[in-house]
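Residue-level structural notes
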Amino acid sequence: MLIKRKSIEKEESSRPARKPKYAPVTLSEQEGVRYLHFGTEWVQGAMRIRKPNWPELEYAQQMMAWMLWQPQPRHIAQLGLGTATLTKFCYTTFPDATVTAVELNPAVINICASMFKLPPNDARLQVLEMDALDYVNDPANAGTLDALQVDLYDATARGPVLDTAEFYQACASCLNDDGIMTVNLFGDHPSYARNTKAIKFTFAQVICLPPVHDGNVIAIAFKRQRNIDLEALKLRAVEIVAATKLPAKSWVKGLAAT
């Protein structure tokens, strides 16, 4: 996540006993919103304390844009846990779906459970402590996902930590034929062109929504080519707004502008 906010509180978490070494997990709070940092001013996620399951940041809301085409997902996965925003929202919004989150840093998983209201694993929820690359390369995950949400930034905010064509090919292999991937990119950064090139090399169709915040751009990647019927999407957006209060109408406007 690439929004800057001055940290008002820094509490270093206990370092993991094993390599690799991770940046310290730190917190700040301002105006009823709790923020996660990795020892810097860069925000890795946010939670409004009174609405813990709501995606507070606009980029996180846009990461749900796959809902325009996937009204009843069976399996949703997130690569990168952050503050568990997407994981919690998907878990509570789609009671018939399985939700899997993949996070390498155990301190992030622990802080999400203790400070960001992440529920424990159960029959529908799995939070896995593992490398996202290992997850997408696991043959057991091939063709299992309706939606994949990729938000993989480190403390330095230099762009996604996994950005090769091989990585995105592995992501595509995890999706079923109708599957959709959303990726959080940083538009005003050299990594943007590299990532979009790699995604377009792999996926049949890629659409980028207009940038928000300090340059976050959400790419929507389709495993198969789609007819972008704006009138049908407007009707679907009305349903999403009524059911979830997500600003889905703005997503359709963004699609129309591309």
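All values derive from a computational prediction rather than experimental measurement.

Observations regarding the pairing of strand β11 (residues 216–222)
The element β11 is largely enclosed, with a buried count of seven among its seven residues. Taking every second residue as pointing to the same face, both faces of β11 are buried, with N216, I218, I220 and F222 on one and V217, A219 and A221 on the other. Pairing geometry for strand β9 (residues 175–186) and β11, over seven bridges, is antiparallel. Note that in β11 the partner of I180 across the bridge is F222. As paired strands, strand β10 (residues 205–208) and β11 are joined by four bridges and run antiparallel to one another.

Things to note about the nonpolar core
Counting residues in each nonpolar core, the largest one holds 56 residues, and the members touching the most others are M64, W66, L68 and L81. Take this core: its biggest share by element is five residues, from helix α3 (residues 106–115). Counting 29 residues, the second largest nonpolar core, distinct from the first, contains C171, A198, I199 and A221.

Quick notes on the sheet that holds β9
The sheet built from seven strands is open, its strands ordered β7-β6-β5-β8-β9-β11-β10 with mixed pairing. Edge positions in the sheet fall to β7 (125–129) and β10, since each has one partner strand and no second. The sheet shows a mean angle of 15° between the axes of neighbouring strands, direction not considered. For strand β5 (residues 75–79) and strand β6 (residues 98–103), the ladder comprises five bridges, and the chain directions are parallel. By the bridge assignment, L79 is partnered in β6 with V102.

Quick notes on the UniProt feature "active site" (unreviewed entry) in the chain
When the UniProt feature table is mapped to this numbering, "active site" (unreviewed entry) covers D151. With respect to the secondary-structure elements, D151 resides in the loop between β8 (145–150) and α5 (165–174).

Notes on the packing of α5 against helix α6 (residues 190–202)
Interhelical geometry of α5 versus α6 gives an angle of 45° and a closest axis separation of 8 Å. Looking at the two axes, α5 sits oblique to α6. Of the two possible hands of crossing, α5 and α6 adopt the one that is right-handed. Two secondary-structure elements touch here, α5 through A165, Y168, Q169 and A172 and α6 through N195, A198, I199, F201 and T202. By residue class, the composition of the contact of α5 with α6 is six nonpolar, three polar and no charged.

Parameters at a glance
Residues numbered from 1 in each chain as written. Predicted model: local features only at pLDDT ≥ 70, side-chain atom pairs only at ≥ 80, totals over all residues. Heavy atoms only, no water. Buried < 20%, exposed > 50% of the residue type's maximum accessible area, 1.4 Å probe, protein only. Helix = DSSP H or I, 4+ residues; strand = E, 2+ residues; numbered from the N terminus. Pairing = 2+ DSSP bridges. Core = buried A, V, L, I, M, F, W, Y, C linked by side-chain atoms within 4.5 Å. Axes fitted to C-alpha atoms, helices over the stretch in contact; angles between N-to-C directions. UniProt positions renumbered as here; feature names shortened; annotations may be inferred. Parallel < 35°, antiparallel > 145°, perpendicular 65-115°, else oblique. Left-handed = near helix turned anticlockwise from the far one by under 90°. Contact = heavy atoms within 4.5 Å. Nonpolar A, V, L, I, M, F, W, Y, C, P; charged D, E, K, R; others polar.

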